[in-house]
Structure formats: structure tokens, C-alpha cells
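# An overview of the molecular structure
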Amino acid sequence: MNIGIIGGGIIGLGIGWQLVRRGQDVTLFERDTIGEGASRAAAGMLAPYAEVGFEEVPLMEFSRKSLHLYPQLLDELSEQVEEAPVFDQCGTMMAGIDRDDTEYLKRLYDFRRELNLSVELLTGTEAREREPLLSPNVVSALWLPEDAQVDNRKLLHKMKEAFEGAGGVLKEHTAVRKVQVDGSMITGLRTGKEAFEFDNVVLAAGCWSQQIGGIPGPIRPPVRPVKGQIITLEKTDDCPLKGTVRSPRMYMVPKEDGTIRLGATSEEKGFDTRPTAGGQKELLEHGWEMVPSIFDLPFVEVMAGLRPASRDHRPVLGESDINGLYYATGHYRHGILMAPVTIYAMVEEILNEDGSELLNPFRPQRFNN
Ligand code: FAD
Ligand code: GLY
């Protein structure tokens, strides 16, 4: 099959790479360069146990499946490239400093116990035994040993190498303007200058997915940008953070490359990606409140990314109402975590006549009136 992919974030690139591995002809169109969108901004947490919300059980099942598929995805990458990123099962320490936080953590604990998830409720002292850098003000914590993390930037870089190495065609600095449709059938797509014919097209343009022309308004994927500011600090000997620390107000993730990522704000500011004084102030204050020794760490980078959020904050996955046009977007806060299950299920959806059952809760048709 001849397949076109719109968007070179973790989702589009991952699907493209796996399709090429299965012998398909794939051309990937990226408006900028690979992995400059939300996938670059992300902290790389693979944390279904920390992040499951009270009404998100199907999403958590999908996310847990994805966590368990990460080692397979990274092994397949290692078959093709040197030094694939590691799957770091560092756990999550979610800490609280006052009664409000403690009550909140207890509710999270009870919910996780009901779901039979692996979780421990700790006192402040017990939490500091595991993570000595936690503030003396920490009075309670949840320990979630099965959460993990990955170096998402390295992952994108290595997937790009694997995609091209296996024969995938990459067109960077090439924005797709519209898809081309004949009746209810996809026939290809158009960039500014050229038209390309494809049997199938995958729309994986993150929070920009709604802007691609050629799709009737009511069936465009309903995604919007949700801005997240994030700070990268150099991890010096002053702050040898062991694993991911979260509070109800921030998270802090030590990375393989010797940095710490401190995030993130959540703002409805349209497509504005400018970091702001207020956003940075809040992140630093909330980070310092939990881990005071970040105080002397040098800045490496300050940035904001745009999370692709759908109306119900679940991903939008599967064949659209246009035959041969597939959506793979809307991963909101969990696109790095949900990448493996999304990639494998989307490949099945495209190559198997019966599609993928795993995608049923996330199909685009749920938004049809
Ligand atoms: P993107 O990475 O945004 O990729 C979309 C690509 O499409 C872009 O490269 C863009 O240039 C391209 N594009 C757009 N329009 C066109 C066009 N017309 N033609 C061609 N190309 C186009 N998730 C986690 O699981 N764990 C985390 O720890 C985590 N932390 C986060 C922290 C922050 C601050 C943010 C902002 C997000 C975080 N996320 C996290 C969420 C995660 O980053 C996203 O869900 C995920 O990256 C979405 O990937 P994507 O490929 O769909 O989108
Ligand atoms: N999942 C972390 C974030 O979106 O900020």
C-alpha cells in the first residue's frame, strides 16, 4: 500500500515507522522538522498509575497496555539503530505538604486500591527515605512503583533514523494544505505546490489536525491546543534527584541526559507558545516547595508545547467517515505514554480488513451528532 502521513510527532512518526517495517510505502509530511511539536515539549513520563483520573478507567486500561508495550517498541528500535533510549521504570512519588494535599492523596489512593493497582500510602518520613531530596514539609505521599519514563527527544530522533533506514520517505518543511477526496474515498493530499496520490492517509498533525483542508467541518477531528510551559534545569550534584516527583501542582523528572524537567502549566491560550513570567514563577515555586535543592540549578531551556486535546480529552483514533482517511490525534497529556498501543493498533486498523477492536472506545464517530 502507498500511505501518506501528515505530522511528524511521536504518533505520526511511530505509525510511519511501523508501517515501513511491514513493507508498506510510506511518505511522511512534516511542516517543520521531526519532533518539534508537543512531542518535544513533553517530560517523557509513562505514568498511567499517577495520572489516572476518576472517570478515566477505559483510558487507563489503554495506557497500561501501552506502558507494557514500551519494552517491545524499544527492542524493535534497537534492532535498527544504535543506542535506543531506555525504558526507565523509576516509579512516581506523589507528595503532599498540607491537609488538603493529604486528603487528595488519600482519595487517589482509595481509587487505585479499588482498581487493584500497585500503590503505597507513605508518611513524609517514609517518603524521604525513598527520595531524600523531598522537603521536610512533605507530610504524606503516594508511591507508584510501576510508572516509568523515557527520553522522548531521543526516542523521536531514533525513530526518525529507523523510519528512513527502513525506506520511509520523509518530507520535512512541507506543510500539507488539504487532503483530496473523491466521493467518500481518499485519493491523496496537496501541499502548497504539489499533489500526491495515496491509497491511505493518516492525519496525525497534533493540535493542528483540525486545520487540514478537504475534510467537511462536522467530521474534522475536534482537537484544540492546551498550552503547557515546562522548564529544563541542569541536574548538578546539588540535586541528585532519583526518580519522578509530583505534587498536585507540578512534576519533576530527572532525565537520562543529565537534566531535570519541571512542568507543566495547563492553559487555554490558543496557539500561543510563548513562555510567560507568571507560568515560570508558578512552576519554580511549586517545584521548590517539594524539592528545595532545585534552587541553585542552572536553566537549560524554557519552552511551551501545545497538547492536542479533544472535546472529551480522549484520543481520536481510527478510520474516519472518509474511506482510507485515518485519524490519530487527541492524545492530550498522555501521547508519549500512549504511543506504543496507538501505533500498533493503528497499523492493525490500516492493514487488517477488520480494523482494530482496541480503538473502539476512541473512534472519531463518537463526535457525530
Ligand atoms: P505533535 O508532537 O504536536 O506532532 C504533530 C506534528 O504535526 C508537529 O510536528 C507539527 O509540526 C506537524 N504538523 C502540523 N500541521 C501540519 C501540516 N499541515 N502539515 C504537516 N505537518 C503538520 N505526554 C506523556 O505521555 N507524558 C508526558 O510526560 C507528557 N508531558 C507533556 C508536557 C508538556 C509540557 C506538554 C505540552 C505535553 C506533554 N505530554 C506528555 C503530551 C504529549 O506531548 C502529546 O500528547 C504528544 O506529544 C502528541 O503527539 P502528536 O504526535 O500527536 O503531536
Ligand atoms: N502529562 C504531563 C503533561 O501533559 O503536562
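About the cut-offs
- Residues numbered from 1 in each chain as written.
- Chains lettered and ligands numbered in written order.
- Predicted model: local features only at pLDDT ≥ 70, side-chain atom pairs only at ≥ 80, totals over all residues.
- Heavy atoms only, no water.
- UniProt positions renumbered as here; feature names shortened; annotations may be inferred.
- Pairing = 2+ DSSP bridges.
- Helix = DSSP H or I, 4+ residues; strand = E, 2+ residues; numbered from the N terminus.
- Axes fitted to C-alpha atoms, helices over the stretch in contact; angles between N-to-C directions.
- Contact = heavy atoms within 4.5 Å.
- Near = heavy atom within 4 Å.
- Polar contact = N/O pair within 3.5 Å; in protein donor to acceptor, adjacent residues only side chain to side chain.
- Areas by Shrake-Rupley, 256 points an atom, 1.4 Å probe, with all protein chains shown as cover.
- Salt bridge = Lys/Arg side-chain N within 4 Å of Asp/Glu carboxyl O.
- Buried < 20%, exposed > 50% of the residue type's maximum accessible area, 1.4 Å probe, protein only.
- Parallel < 35°, antiparallel > 145°, perpendicular 65-115°, else oblique.
- Left-handed = near helix turned anticlockwise from the far one by under 90°.
- Nonpolar A, V, L, I, M, F, W, Y, C, P; charged D, E, K, R; others polar.

- Per an unreviewed UniProt entry, the chain is named Glycine oxidase, and its organism is Fodinibius sediminis.
- UniProt, in its Pathway (unreviewed entry) section for the chain, records the words "Cofactor biosynthesis; thiamine diphosphate biosynthesis."

### Overview of the sheet that holds strand β14 (residues 244-247)
- Across the sheet, 8 strands lie side by side as β5-β6-β4-β14-β15-β16-β13-β17; this open sheet has mixed pairing. Looking at strand neighbours, the two that pair on one side only are β5 (120-123) and β17 (299-310), the edges of this open sheet. Looking at each pair of strands side by side, their axes are set apart by 25 degrees on average, direction ignored.
- Pairing of strand β13 (residues 223-234) with strand β16 (residues 259-263), which is carried by 5 bridges, proceeds in the antiparallel orientation. Residue pairing across strands places I230 opposite G263, the latter belonging to β16.
- This element, helix α5 (residues 99-114), spans β4 (92-96), β5 and β6 (140-144) of the sheet and lies at about 30 degrees to β6.

### A look at the site of ligand 1
- Neighbouring ligand 1 are 39 residues, the closest being E30, S39, M45, Y332 and L337.
- Measuring from an oxygen atom of ligand 1, one finds a backbone N or O atom of I10 at 3.3 Å.
- Taking A43, its main chain carries an N or O atom lying 3.1 Å from a nitrogen atom of ligand 1.
- When ligand 1 is considered free in solution it has 1,000 Å² of accessible area, and contact with the protein chains removes 98% of it.
- The element contributing the most residues to the shell around ligand 1 is β17, with 3 residues.

### Concerning the pattern of salt bridges
- Within this structure, the stated rule accounts for 22 salt bridges.
- R249 serves as the salt-bridge partner of D101, at 2.8 Å between the closest nitrogen and oxygen. Here R249 lies in the loop between β14 and β15 (250-254) and D101 lies in helix α5, a separation of 148 residues in the sequence.
- Overall, the relative accessible area of 4% leaves D101 in the buried class.

### Digging into the side chain of R261
- Among the secondary structure elements, R261 is positioned in strand β16.
- Its relative accessible area of 3% is what places R261 among the buried residues.
- At a separation of 3.1 Å, a polar atom in the side chain of R261 contacts the side chain of T232.

### Some details on the packing of helix α1 (residues 10-21) against helix α9 (residues 339-351)
- Closest axis-to-axis distance for the α1/α9 pair is 9 Å, and the angle between their directions is 50 degrees. Our classification of the angle between α1 and α9 gives oblique. For the crossing formed where α1 meets α9, the hand is right-handed. The residues of α9 that touch α1, namely those facing I10, I11, G14, I15, Q18 and L19, are A339, T342, I343, Y344, M346, V347, I350 and L351.
- For the contact of α1 with α9, the class distribution of residues is 11 nonpolar, 3 polar and no charged.

### Notes on the side chain of S66
- Position of S66 relative to the elements: it lies in helix α4 (residues 57-80).
- Side-chain polar atoms of S66 contact the backbone nitrogen of V341, separated by 3.1 Å.
- Leave out the neighbours within four places in its chain, and S66 touches L337, M338, A339, P340 and V341.

### Some remarks on the UniProt feature "domain: FAD dependent oxidoreductase" (unreviewed entry) in the chain
- Listed under "domain: FAD dependent oxidoreductase" (unreviewed entry) in the UniProt record, and renumbered for this structure, are residues 3-342.
- Segment residues 3-342 splits into 29% helix and 29% strand. End C-alpha atoms: 17 Å apart.

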